[in-house]
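Below are the chains, spelled out letter by letter.
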Amino acid sequence: MDHPAISVVVPCFDEGEMIAACHQRLTGVLQGLDAWYEIVYVDDGSRDSTLAILQAIHASDPNVTVVELSRNFGHQTAVTAGLEIAKGDVVVITDADLQDPPELIAKMLELWAQGFEVVYGVRETREGETGFKRWTAKLFYRLINRLSDVPIPPDTGDFRLLDRKAVEAIKSMPERHRLLRGMCSWIGFRQCGIKYARAARVAGKTKYPLNKMINLALDGVASFSTVPLRFLAVLGFLTAALSVIGILYALIVRLFTHTWVAGWTISFIGMLFLGGLQMISIGIVGEYVGRVYAETKHRPLYLARTVLERRGDPPRLR
Ligand code: UDP
Ligand code: MG
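Quick caveat, the model's predicted, so the values are computed rather than measured. (Residues numbered from 1 in each chain as written. Chains lettered and ligands numbered in written order. Predicted model: local features only at pLDDT ≥ 70, side-chain atom pairs only at ≥ 80, totals over all residues. Heavy atoms only, no water.)

Caption draft 1: Main features of the overall build of the protein. For the protein, the helix and strand inventory stands at 10 helices and eight strands. For 318 residues, the compact-globule estimate of 2.2 N^0.38 gives 20 Å, and the C-alpha radius of gyration of the protein, at 25 Å, exceeds that figure by more than 25%. Split into buried and exposed, the 318 residues of the protein put 46% on the buried side. Nonlocal contacts in the protein, meaning residues at least 24 apart in sequence, comprise 84% of its contacts between residues at least 6 apart. Surface accessibility of the protein: about 16,800 Å² in total, with carbon and sulfur atoms responsible for 64%. (Helix = DSSP H or I, 4+ residues; strand = E, 2+ residues; numbered from the N terminus. Rg over C-alpha atoms; globule rule 2.2 N^0.38 Å. Buried < 20%, exposed > 50% of the residue type's maximum accessible area, 1.4 Å probe, protein only. Contact = heavy atoms within 4.5 Å. Areas by Shrake-Rupley, 256 points an atom, 1.4 Å probe, with all protein chains shown as cover.)

Below, the structure is given as structure tokens:
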């Protein structure tokens, strides 16, 4: 097969223990493919030895580009920074922890050659992940697929191959709250998944504690769905309808009985209920208003301190 020029984007945050092993394995796979390739490492504000190791790798390997972000901008933004600098006909996104086997890239390329513009990895098994993480992941995909207009294939991560057209499409989406796997779904094009067994992390620990996972899930829902807002409107109508019954009841009690002073229970409950409902509603609306605010500031998505460009020959693109 006549291979395209391949870029591999690897976001790294405190992966000092991992990065050398990662580079070795990736390089082995890519050299075996007999194609032009580059590896773009994005240092996402690491606090450990990651940057120093990346600089050493860059000095010894002409196929490596290193982007050093000015601080930690988060995984999805780091990947975006990599996508923007990647030059290949196809771009593969993978993690630095070798949980996603780089050997799969060959298979992805085969599917690309068959005309698929997005080839995403589907995790069939997940080693070394807690039952809780698996359960929350399942819940996340179920929720997002119920709420959002674009389905996101379950059990996908960011391990995927994108054709140049897909990369340009993603680059044209300037939104701040980014869930790349959702954006990849949204752009359309011909897509297909390949199943693989996700290995456990070789070293280091996950950079996705619970709070970051919740944020990612919230981003997914709020960026791809306005169902929560519609849900509020429906809830508003329902409570309004309910309150008509309450009003009628109060009037009847007031006009036709003598026990009308005793109505405080219902008004107390009603007050609590409506107060709670309003707080929730304001919160949800606020979530969206906050996003509008973040977008209107038009800040850059990330800032790079340095970019160490690759020193090898430029690709001969198709
Ligand atoms: N990562 C990053 N910035 C962050 C968090 C994570 O660049 O703020 C990188 C991390 O170095 C790794 C990838 O994103 O290469 C995925 O993170 P991790 O493996 O911790 O996530 P998990 O596989 O546990 O979901
Ligand atoms: Mg990982």
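Picking up after the structure, the text goes on.
Caption draft 2: Spotlight on the coordination of the magnesium ion (ligand 2). At 1.9 Å from the magnesium ion (ligand 2) lie its protein donor atoms, namely Asp97 (OD) and Gln99 (OE1). Since its relative accessible area comes to 9%, glutamine 99 is described here as buried. (Donors = N, O, S within 2.8 Å, 3.2 Å for Na, K, Ca; no water.)

Caption draft 3: Just the side chain of glutamate 38, in detail. Inspection of the secondary structure assignment puts glutamate 38 in strand E2 (residues 37-43). As a buried residue without a salt bridge, glutamate 38 has its nearest oppositely charged side chain in arginine 310, at a separation of 4.0 Å. Within the structure, the side chain of glutamate 38 is placed 2.5 Å from the side chain of serine 7, a separation counted as a polar contact. (Lys, Arg positive; Asp, Glu negative; His and termini not counted. Salt bridge = Lys/Arg side-chain N within 4 Å of Asp/Glu carboxyl O. Polar contact = N/O pair within 3.5 Å; in protein donor to acceptor, adjacent residues only side chain to side chain.)

Caption draft 4: Inspection of the packing of helix H5 (residues 131-147) against helix H8 (residues 210-224) at higher detail. At a minimum axis distance of 10 Å, the contact between H5 and H8 shows a crossing angle of 15 degrees. Looking at the two axes, H5 sits roughly parallel to H8. For the crossing formed where H5 meets H8, the hand is right-handed. Residues Phe132, Lys133, Thr136, Phe140, Leu143, Ile144 and Leu147 of H5 pack against Leu210, Met213, Leu216, Ala217, Gly220 and Val221 of H8. Considering only residue class, the contact of H5 with H8 consists of 10 nonpolar, two polar and one charged. (Axes fitted to C-alpha atoms, helices over the stretch in contact; angles between N-to-C directions. Parallel < 35°, antiparallel > 145°, perpendicular 65-115°, else oblique. Left-handed = near helix turned anticlockwise from the far one by under 90°. Nonpolar A, V, L, I, M, F, W, Y, C, P; charged D, E, K, R; others polar.)

Caption draft 5: Focus on unusual backbone geometry. In the Ramachandran plot, aspartate 34 falls in the positive-phi region, its phi being about 55 degrees despite a non-glycine side chain. Within the secondary structure, aspartate 34 is located in the loop between helix H1 (19-32) and E2. Residue phenylalanine 189 is not a glycine yet carries a positive backbone phi of 70 degrees. With respect to the element layout, phenylalanine 189 can be found in the loop between helix H7 (180-186) and strand E7 (191-198). Among the residues examined, phenylalanine 189 registers a relative accessible area of 38% and is labelled partly exposed.

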